Amino acid sequence: RRGPHRLNVRSEFDLSLAPGAAGNAVERLAALRGRAQLDIAESRLAGVPLSGRVELQGDGRALRSTARAELDGNTVGLDGRLGGARNGSDDRWTLTLEAPALARLAPIGRLLGLDDLAGTLSARAEASGRWPTLSTQGEVRAASLRAGTLQARQASARWQAGTALDAPVEAEAD
């Protein structure tokens, strides 16, 4: 494990679950009330500067979550809503990645077994529903990408797919 690693976290939690809340673990999470916040500041992962925030907000009917992290000029975000519908029809998730300086993440890449990491990467993925009825869509763009043995001067991809029998499935890559 290459370092240095330092995690500086401050948190606040005020969450409750109604007595006798029924359902599986996911349904009980959606039934949480209150809020939680986790702040990461002045931290390092494999020597890479790290900061971020995770927030949860629940009203007993849905749990909303927001997470953001910045790693030396590269950002990743997750916004989600875990709804109370048993079939997950009101669940929504969005993942974003803006990495204009992948080379700055090379020390983290080495922790994951990637000897070389460089270029730019931008991605957005959205998911709605809950297994077994899930749909996704997204896009990825890369330039001057090097990740281990993978190299691409320019690359892009878009997709739309779902698990329902009548769901459209589309994909395109350049």
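Above this text sits the structure in question.
Let us look at the structure shown here. (Residues numbered from 1 in each chain as written. Predicted model: local features only at pLDDT ≥ 70, side-chain atom pairs only at ≥ 80, totals over all residues. Heavy atoms only, no water.)

### A few points about the pairing of strand S3 (residues 48–59)
- Pairing analysis gives eleven bridges linking strand S2 (residues 33–45) to S3, with the strands arranged antiparallel. Bridge pairing links Gly-34 to Gly-58 in S3.
- As judged from the nine bridges shared by S3 and strand S4 (residues 62–71), these two strands associate in the antiparallel manner. Bridging from a neighbouring strand, Leu-50 pairs with Leu-71 of S4. (Pairing = 2+ DSSP bridges. Helix = DSSP H or I, 4+ residues; strand = E, 2+ residues; numbered from the N terminus.)

### Quick notes on the pattern of salt bridges
- Counted by the stated rule, this structure contains 13 salt bridges.
- Salt-bridge contacts for Arg-10 lead to Asp-39; the nearest nitrogen and oxygen are separated by 2.8 Å. Note that Arg-10 is positioned in strand S1 (residues 9–16) and Asp-39 in strand S2, a separation of 29 residues in sequence.
- For Arg-10, a relative accessible area of 48% translates into the label partly exposed.
- Among the salt bridges present, the one from Asp-39 reaches Arg-53, with a minimum N-O distance of 2.6 Å. One end of the pair, Asp-39, is in strand S2; the other, Arg-53, is in strand S3, and 14 residues separate them in sequence.
- A relative accessible area of 14% means that Asp-39 is categorised as buried. (Salt bridge = Lys/Arg side-chain N within 4 Å of Asp/Glu carboxyl O. Buried < 20%, exposed > 50% of the residue type's maximum accessible area, 1.4 Å probe, protein only.)

### Some points on the nonpolar core
- One finds Leu-71, Leu-102, Leu-105, Ile-108 and Leu-117 to be the most contacted residues of the largest nonpolar core, which totals 16 residues.
- Mapped by element, the contributors of at least two residues to this core are S3, S4, helix H2 (106–111) and strand S8 (133–147).
- The biggest single contributor to this core is S8, with three residues.
- Each residue touching Leu-105, except ones within four places of it in the same chain, is listed here: Val-48, Leu-71, Asn-74 and Leu-117. (Core = buried A, V, L, I, M, F, W, Y, C linked by side-chain atoms within 4.5 Å. Contact = heavy atoms within 4.5 Å.)

### Things to note about unusual backbone geometry
- Here the residue pair Trp-131 and Pro-132 is connected by a cis peptide bond, since its omega of 15 degrees sits within 30 degrees of zero.
- Along the chain, Pro-132 turns up in the loop between strand S7 (117–130) and S8.
- Of note, Glu-42 is a non-glycine position whose phi angle comes to about 45 degrees, a positive value.
- Phi at Asp-72 takes a positive value of approximately 50 degrees, unusual for a residue other than glycine.

### Here we look at the sheet that holds strand S6 (residues 92–99)
- Pairing is antiparallel in the open sheet, where ten strands are placed in the order S1-S2-S3-S4-S5-S6-S7-S8-S9-S10. Of all strands in the sheet, those bounded by a partner on one side alone are S1 and strand S10 (170–173). Going across the sheet, the axis of each strand differs from the next one's by a mean of 5 degrees, ignoring polarity.
- One ladder, built from ten bridges, connects S4 with strand S5 (residues 74–83); its direction is antiparallel. The residue bridging Leu-71 from the neighbouring strand is Asn-74, located in S5. (Axes fitted to C-alpha atoms, helices over the stretch in contact; angles between N-to-C directions.)

### As for the pairing of S7
- The sheet contact formed by S6 and S7 spans eight bridges and is antiparallel. For Thr-94, the partnering residue across the bridge sits in S7 and is Glu-126.
- The antiparallel hairpin formed by S7 and S8 contains two residues in its connecting segment.

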